[in-house]
Amino acid sequence: MVRQQLPTEEKIRKSLQKLQQDRIAVFRINALTRRGRDELMAIFTAIFSEFGLNPAMLFNLYTAVVEIVFNAIKANAKHVIFKDEVRKKLIRQNFTDIEELLEVIFREEVLRDFMSRHILPDKLKRRVNTVLRLAEKKRTGKGDKLTRAELQQLAEFNYLLKKENAMVHLTFALGEESIIINVVNDIPILPKDMARIEQSRSTHRRLYEEGRSTDYFGPDYLDQTESAGFGIAMADEIYYEMGLDPLMYFTITASGGKTLAVLRFPRDKMAL
């Protein structure tokens, strides 16, 4: 959920106050429960109302941002589990100074990418999907239905997240000419995942140029992988509807061990 332990009305008030005074509001997120999504929708609605933004754009923009945040949360899970799988592989091969070696591997992109080729992708995907499913059950009050083994698996995952201090930061900023929404993930993106995103967006752009961008959301085109999914396509489609090039206004980059998604919107395109 959005990490502010305040009633929704107080969160809205503080968010608007920050935007009015500092022109920026920042939220730290470690998960998005149903309540958290409702709170985020309420905050978006208040921002659109307070600053005279076009309400016709609200739902699609909110949906795109939520999906991008989910991508970041899932990427965090994938990273910590991938790192744990590498750790186990090094232990099996009788390496010493495992933690120091892991720091070197995950600091150097080439080594990190090399190790990704030695971890079975299906095994990694299954483990990620399992812990996210268990975490969602626990957050929605169904933890009593989890087995002891599932609770142990979830505890180990939460320990890994805490150890890596893996968080997602959502920023909403109001400039004189632009509205900027940032989703910053504390975890770097793998080169192959970035390549998949770029390929997916190129396909979507080609369809737009052919006058059929919405075809991308059909089963023949929509990429169902962890890193290039529905949220990015939704955001790109918003830009196409505004007559803007999403590859110019919506960027995804990796820097300083973080992954940064930046959505920029000209204020004149967002106004009523």
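Residues numbered from 1 in each chain as written. Predicted model: local features only at pLDDT ≥ 70, side-chain atom pairs only at ≥ 80, totals over all residues. Heavy atoms only, no water.

Caption draft 1: Fine view of the overall build of the protein chain. The helix and strand tally for the protein chain stands at eleven helices and five strands. Taken over C-alpha atoms, the radius of gyration comes to 20 Å for the protein chain, in line with the 19 Å a tight globule of 272 residues would show. Each principal axis of the C-alpha distribution contributes one length, and for the protein chain these read about 65 × 45 × 35 Å. Put simply, the protein chain has 272 residues, and 47% of those count as buried. For the protein chain, the share of sequence-separated contacts (at least 6 apart) that also reach a separation of at least 24 residues comes to 66%. Taking the average place of the 43 positive charges on the side chains of the protein chain and the average place of its 38 negative ones, the gap between the two points comes to 6 Å. (Helix = DSSP H or I, 4+ residues; strand = E, 2+ residues; numbered from the N terminus. Rg over C-alpha atoms; globule rule 2.2 N^0.38 Å. Buried < 20%, exposed > 50% of the residue type's maximum accessible area, 1.4 Å probe, protein only. Contact = heavy atoms within 4.5 Å. Lys, Arg positive; Asp, Glu negative; His and termini not counted. Charge placed at Lys NZ, Arg CZ, Asp CG, Glu CD.)

Caption draft 2: Quick look at the side chain of Ser213. With respect to the element layout, Ser213 can be found in the loop between helix H8 (191–209) and helix H9 (230–241). In this structure the side chain of Ser213 is engaged in a polar contact, spanning 2.8 Å, whose partner is the side chain of Glu237. Leave out the neighbours within four places in its chain, and Ser213 touches His204, Leu207, Tyr208, Glu237 and Tyr240. (Polar contact = N/O pair within 3.5 Å; in protein donor to acceptor, adjacent residues only side chain to side chain.)

Caption draft 3: Representation of the environment of Ala254 within the structure. Along the chain, Ala254 turns up in strand E4 (residues 250–255). Residue Ala254 is classed as partly exposed on the basis of its relative accessible area, which comes to 46%. Sequence-wise, Ala254 and Asn30 are 224 residues apart; in three dimensions their C-alpha atoms are separated by 20 Å. Ignoring anything within four residues of it in the chain, the contact list for Ala254 reads Ile189, Met194 and Thr259.

Caption draft 4: Examining unusual backbone geometry more closely. At Asp97, a residue that is not glycine, the phi angle is positive and equals roughly 50°. Here Asp97 lies in the loop between helix H3 (58–92) and helix H4 (98–107). Judged by relative accessible area, which is 52%, Asp97 ranks as exposed. Here Asn165, not a glycine, exhibits a phi torsion of approximately 55°, which is positive. Summarising the element assignment, Asn165 is placed in the loop between helix H7 (148–164) and strand E2 (168–174).

Caption draft 5: Layout of the packing of H3 against H9. The interhelical angle for the contact between H3 and H9, taken along N-to-C directions, is 150°, at an axis separation of 7 Å. Judged on the interaxial angle alone, H9 and H3 are roughly antiparallel. Here the hand of the crossing between H3 and H9 comes out left-handed. Two secondary-structure elements touch here, H3 through Asn60, Leu61, Thr63, Ala64, Glu67, Ile68 and Asn71 and H9 through Phe230, Gly231, Ile232, Met234, Ala235, Ile238 and Glu241. Of the residues in the contact of H3 with H9, the class split is eight nonpolar, four polar and two charged. (Axes fitted to C-alpha atoms, helices over the stretch in contact; angles between N-to-C directions. Parallel < 35°, antiparallel > 145°, perpendicular 65-115°, else oblique. Left-handed = near helix turned anticlockwise from the far one by under 90°. Nonpolar A, V, L, I, M, F, W, Y, C, P; charged D, E, K, R; others polar.)

Caption draft 6: Structural context of the pairing of strand E5 (residues 258–266). The pairing of strand E3 (residues 178–185) with E5 spans eight bridges and is antiparallel. Paired with Ile179 across the strands is Phe265, a residue of E5. In the sheet, E4 pairs with E5 via six bridges, with the strands oriented antiparallel. Bridging from a neighbouring strand, Ser255 pairs with Lys258 of E5. Where E4 hands over to E5, the hairpin turn is made up of two residues, of which Gly256 adopts a positive phi near 60°. (Pairing = 2+ DSSP bridges.)

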